[in-house]
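Tertiary structure, described
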Amino acid sequence: MGIAALVGTPIKRREDPRLITGQATYVDDIKLPGMLYMAVLRSPYGHARIRSINTEAAKQAPGVVAVYTAQDLKGVVGNIPVAAPLPPHITNGMGRRGPLAEGKVRFYGDPVAVVIAESRYGARDALDLIEVDYEPLPAVVDPEKAAQPDAPLLYEEFGTNVAASVRPPTDEIDRVFAETQANGGIVVKQRMVNQRLAPSPMETRGVVAEFRKADRTLTIWSSSQIPHLLRNYLAEQLGLPQHQVRVIVPEVGGGFGCKLNIYPEEALAAFAAMKTGHPVKWIEDRSENLAVTIHGRDQINYVEVAATREGKITGLKVHVVSDLGAYLQFFTDVIAIAFTLPMICGCYDIPVAYGSCDIVFTNKAPTDAYRGAGRPEAAYIAERAVDLVAHALGKDPAEVRMINFVKPEQFPHKMATGTVYDSGNYQLALEKAMQLIGYQQLRAEQAQKRAQGKLMGIGISSYVEICGIGPKGLTPFGLYESARVRVDQSGDVLIYTGASPHGQGEETTFAQIAADEFGIPIERVLVLHGDTDSTPEGRGTYGSRTTAVGGTAVYNAVQKLKEKMKQIAAHMLEASPADVTLEDGKFSVAGAPQKAVTFAEVAAAANFSNTLPPGIEPGLETTVFFEPEACTFPFGTHICVVEIDKDTGEVHLRRYVAVDDCGRQLNPLLVAGQIHGGIVQGVGQALFEGVVYDENGQLLTSTFMDYAMPLASELPPFELDHTVTPTPYNPLGVKGVGEAGTIAATPAVAGAVADALGLPHVDIPFTPERIWRIIQQQQAQPQA
Amino acid sequence: MIPATFEYHPASSVDEAIALLSQYGDDAKLLAGGHSLIPTMKLRLAQPAHLIDIGRIPGLSYIREEGNVVAVGALTTYATIERSEVLRRHFALLPECASVIGDPQVRNRGTIGGSISHADPSADMPGAVRALKAEIRVRGPNGERTVAADDFFLGTFTTALEPGEMVTEIRFPLPPARTGSAYTKLANKASHYAVAGCAAVVTLGADGACTAASVVITGAGTMPTRASAVEAALVGKQLNEATVAEAASHAAEGLELMEDIHGSKQYRAQMAAVMARRAILKAAERARG
């Protein structure tokens, strides 16, 4: 490694000046000559049969160029891509859909028709002229009711709404529970609802499609996290060769997983552009975003945990009911099975763990990956389970955590779930967080407040999550990442990453890596991304993977170029390559520092073949693909303090301390930014957010007047600290931090509120009325 | 979230606005700050064919002391009300109410006249105007008239404004000595409108007993509603935790309660009492100086 001048330094994000001065280009800023606008007619019903669609009046409306329904797409546009279809039913087509609903609509907002018009307003107005004759059908919005035999069916031909079930034998866990109880231990049971959330990025989705008929090339500008996957799947959907499709992802105003998808509107805009010969733009409005862009979470968890009287957990049994919504998006079917079940043990060395799962269709928007994607649910299960044990035994939740942690010397550690954790020091993070917040003093204060009849609670979340995906075999396609690094003739460095950062700051951190390794100023490094024509094949940004996987690809590419530059420098210095070192932007001969050539001189030499050593190709450019051998497991402890207004049920978050370990930190400022944003989203789930449908499948939270986003004014300052436990699975030692705050925060707040109320568990979100009702009950029936 | 087609008419005077209103009748809507109307138009819940923009009419934004009255122009923004020293001196409740409406952007655009004309049952300002027993000056094709705030609000989104009329001024009578006022609300966590709010004004006698009380509940019911039972229970009492709590427990009497995902009827009724207790205690404290 070179001298660490930049890596580890809290330098400001290089991408911010353009973002905060209005000079960034988002999809809606793309304006092409002759561009048409698309508007989407959506189902007003949760479940209905389409008897007929009459588009004649809409087609006659001023400025309308075309109106399309599912009939027009038949045999031309394929189904919405699904990454990993599960047997038995999904592999047979259950939950699959084309871009427009055919025969039936299955959720509020289901796309039924599109209008293509000369203006956005004209397209919208013409929607009102399309006549759809619907026959409303009974809807089912509760996944447990949907799993019942008499439930209304979304896909009649399958005779059930349950797409798949995972039900391993229970013999071992039953034995553990029986033994624990026989030995005087406890088994605690709790049903927990992990409610449905709307990811709500600041920039909604949007797409511009342009088709050049002469050479049959399609260019798509999309607000996406996955340019290459989008290109590949969209090409397949449209029957085009991949090389005739180019995807450009301009600036993206937040994704949080919801843009890790190929949506109907991308194929629809492309189809319209191919049919009309005009570029076509579609920009999602906020109500559409809340209704039809994927939702997150929506699991019901049945948790049973066994422990000795001393607080040692002996077994954990979890059944997950995962609400898929009405259709499958990219990872919809595998979130619970691939990301929740493997992580249910959290950071606890539980000898026997059992996980089962039903994944169920309902008349709601599809669910998919939302910041954390199945892991927040797992962390919530594990943290609530430990708190349940502490509550049942009357022990301090910190103590129960200490008793059960996997110990530092046990890593790498295979959990009872089969998941192998790379490295960790869970106790250290908890101790540091307790010290930072003044845990013992807070407990004393809490006792005093309780005596005065006041409700104060302290919540602990010692989370662990899975990052840096992914090793081979996790999905049907490899989840590697790529980097093309070029040193140009002047000694400037261009990095083309296949990852697609969209706010995380890799234009800064990747440049830090390269600048340090080359020993040159960061100003000489430029990071480019988001265009499938210029970047090497990549897998995109999600799952807190970009630095661990994409950053390593950059690091490895830089190493390759360094080696080549050393050979060229050695030739120039008439020395052996083995004796040449690179430091501070200079190649010099060991033991003779006066014999040196600069980085720029070597770069120039590399581009003039007559100065190259024999057998060395001219040019300094290389493309590297990196696929990690295993995942990384960031962890930490968050502790928060809440106070509850007994009169109104309002929860006031008073303090929040976060100690996170994401391995080595490339840029502490960016790490802090990720933690801050993550905490807010996790607190949002605990205190404010929740997508609500009525029993007919009508969406009751279709605007921000009803869907409550967290506000800065409702949050305390966050007090951050960290520990550093590098991962052995990449040369940078980085683990990932994009989702950590979100995963940690929800159980921390949940623990604090249950603690304040003296209850084992209270379901999130802690809306004032829900808490007020609990307080009313408690006052009506004073505890013995 | 694209509104239906409408014709835009910038009015340069009150007379012009009234003439336009008379011309287009039910097809027209007045646009002031636009922070209630534009969202409903974007959702196509409102589809006025004609939008008459009164926001550019000069001379309708002011806060003036006129003898025993403080006159507030209809186009005065919440932000201006929030920062007004005159209002702060006489009616603490008004700046306090303005300061909890929406966010800074909303407060910079939204107007007091717009809010009371729109008469959203969950809005904050109608309750404050009613509690302070303001007089509302309106102008229409038949000239000018004054409506007492108590007679102005008729129901959900319904006021005493006749076709062609617009609010031009809200007149607040100066309170007697030893009067205090306050506004409290439990905000809907999404919209930050009131799930339940209370605007309270109390006057204390030399002996500290309450001589007059004006208490209005917002948010919980279908319109800003005077809590007469609370007022009756306060007058003549020394205002302390116990007497105020007892009086406030009557806050939901006479309310036609609303219900949605942010609060059941039962919860709103209880919160009306909680907000009333808190607002009255605060107002009493202010009355004592």
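Labelled according to an unreviewed UniProt entry, chain B appears under the name Carbon monoxide dehydrogenase, originating from Thermogemmatispora aurantia.

Turning our eyes to something else, we now look at the overall build of chain B. The helix and strand inventory of chain B stands at twelve helices and 14 strands. Its C-alpha atoms put chain B at 60 × 45 × 30 Å along the principal axes. Taking the contacts inside chain B whose residues are at least 6 apart along the sequence as the reference set, 66% of them involve residues at least 24 apart.

Another point: the sheet that holds strand β12 (residues 194–204) of chain B. Residue and element names in this part refer to chain B. With respect to topology, four strands assemble into an open sheet ordered β11-β12-β13-β14, the strand pairing being antiparallel. What marks the edges here is a single partner per strand, and that holds for β11 (179–187) and β14 (225–226). Bridge count for strand β13 (residues 210–218) against β14 is two bridges, and the pairing is antiparallel. Considered in β14, the bridge of I217 is made with T225. Against the sheet, helix α12 (residues 265–287) makes contact with β11, β12 and β13, and its axis sits at roughly 30° relative to β12, the strand it touches most.

What follows covers the UniProt feature "domain: FAD-binding PCMH-type" (unreviewed entry) in chain B. The feature "domain: FAD-binding PCMH-type" (unreviewed entry), as annotated in UniProt, sits at residues 1–177 of chain B in this numbering. Overall, residues 1–177 of chain B shows 34% helix and 26% strand. The separation of its end C-alpha atoms is 50 Å.

Once that is clear, we can look at the domain arrangement of chain B. Residues and elements named next belong to chain B. Here the domain parsing of chain B yields domain 1 (7–52), domain 2 (63–173) and domain 3 (179–287). Here the C-alpha centre of domain 2 lies 19 Å away from the C-alpha centre of domain 1. Listed by partner, the interface residues are twelve residues for domain 1 and 18 residues for domain 2. It is helix α1 (residues 14–24) that contributes the most residues to the side of domain 1 that touches domain 2, five residues altogether.

Our next topic: the packing of helix α18 (residues 668–687) of chain A against helix α19 (residues 740–757) of chain A. Residue and element names in this part refer to chain A. At their nearest, the axes of α18 and α19 sit 7 Å apart, and the two run at 40° to each other. On the basis of their axis angle, the class for α18 and α19 is oblique. Crossing hand, α18 versus α19: right-handed. In this structure, α18 uses Q674, I675, H676, G677, G678, I679, Q681, G682, V683, Q685, A686 and L687 to contact α19, whose residues at the interface are A740, G741, T742, I743, A744, A745, T746, V749 and A750.

It is worth spelling out the interface of chain B and chain A at this point. In this complex, chain B contributes 14 residues to the contact, which on the side of chain A involves 20 residues. Per element, the largest residue contribution to the side of chain B that touches chain A is three residues, and it comes from α12(B). Grouping the amino acids of the side of chain B that touches chain A by side-chain chemistry returns nine nonpolar, four polar and one charged.

So, about α19(A). Residues and elements named next belong to chain A. Between its first and last C-alpha atoms α19 spans 27 Å; for 18 residues at 1.5 Å apiece the expected length is 26 Å, and the two agree. The buried fraction of α19 amounts to 17 of the 18 residues, a majority that puts the element mostly inside the structure. Looking one or two residues past α19, G758 carries a phi angle of roughly 70°, positive in sign.

Within soluble globular proteins, side chains that are nonpolar generally end up buried alongside one another. Residues and elements named next belong to chain B. A276 and I280 are the most contacted members of the largest nonpolar core, which has 351 residues in total. Ranked by the residues each element gives to this core, the list is headed by α12, at 13 residues. Sequence-distant contacts of A276, defined by excluding residues within four places in its chain, comprise C198, A200, V215, I217, A227, V230, A248 and A251.

Time to look at the domain arrangement of chain A. Residue and element names in this part refer to chain A. Each domain of chain A was delimited in the assignment, giving domain 1 (16–22 + 480–626), domain 2 (31–137 + 202–254 + 259–292) and domain 3 (296–470 + 630–780). Just the C-alpha atoms count here: the centres of domain 2 and domain 3 sit 36 Å apart. In this complex, domain 2 contributes 27 residues to the contact, which on the side of domain 3 involves 25 residues. For the side of domain 2 that touches domain 3, the class distribution of residues is 16 nonpolar, six polar and five charged.

A few words on the pairing of strand β20 (residues 493–497) of chain A. Residue and element names in this part refer to chain A. Among the five residues of β20, four are classified as buried, and the element is accordingly described as predominantly covered. The pairing of strand β19 (residues 481–487) with β20 spans five bridges and is classified as antiparallel. Its bridge partner lying in β20, A483 is registered against T497. Between β19 and β20, which pair antiparallel one after the other, the connecting turn spans five residues, and G491 there sits at a positive phi close to 90°. Summarising the sheet, β20 and strand β21 (residues 525–529) pair through five bridges and their orientation is parallel. Bridge pairing in β21 places T497 opposite H529. Crossover connection from β20 via helix α15 (residues 506–518) to parallel β21: handedness right-handed.

All names here are of chain B. The set of residues buried in helix α11 (residues 241–248) consists of V244, A247 and A248. Angular distribution of buried residues about the axis of α11 spans 95°; they occupy a single face of the element. The elements touched by buried residues of α11 are α10 (228–234) and α12.

The topology assignment puts D125(A) in helix α4 (residues 120–127). The class for D125(A) is buried, based on 22 C-beta atoms found within 10 Å. Between the alpha carbons of D125(A) and S490(A) there is a distance of 55 Å; along the sequence they are 365 residues apart. With sequence-adjacent residues up to four places away left out, D125(A) is seen in contact with A61(A), A4(B) and T5(B).

Conventions used here
- Residues numbered from 1 in each chain as written.
- Chains lettered and ligands numbered in written order.
- Predicted model: local features only at pLDDT ≥ 70, side-chain atom pairs only at ≥ 80, totals over all residues.
- Helix = DSSP H or I, 4+ residues; strand = E, 2+ residues; numbered from the N terminus.
- Contact = placed C-beta atoms within 7 Å.
- Pairing = 2+ DSSP bridges.
- Axes fitted to C-alpha atoms, helices over the stretch in contact; angles between N-to-C directions.
- UniProt positions renumbered as here; feature names shortened; annotations may be inferred.
- Domains from an automatic or database assignment.
- Parallel < 35°, antiparallel > 145°, perpendicular 65-115°, else oblique.
- Left-handed = near helix turned anticlockwise from the far one by under 90°.
- Nonpolar A, V, L, I, M, F, W, Y, C, P; charged D, E, K, R; others polar.
- Expected span 1.5 Å × (residues − 1).
- Buried ≥ 20, exposed ≤ 12 C-beta atoms within 10 Å, placed from the backbone.
- Core = buried A, V, L, I, M, F, W, Y, C linked by C-beta atoms within 7 Å.
- Right-handed = clockwise from strand over helix to strand, strands pointing away.
- Arc of directions from axis to C-beta.

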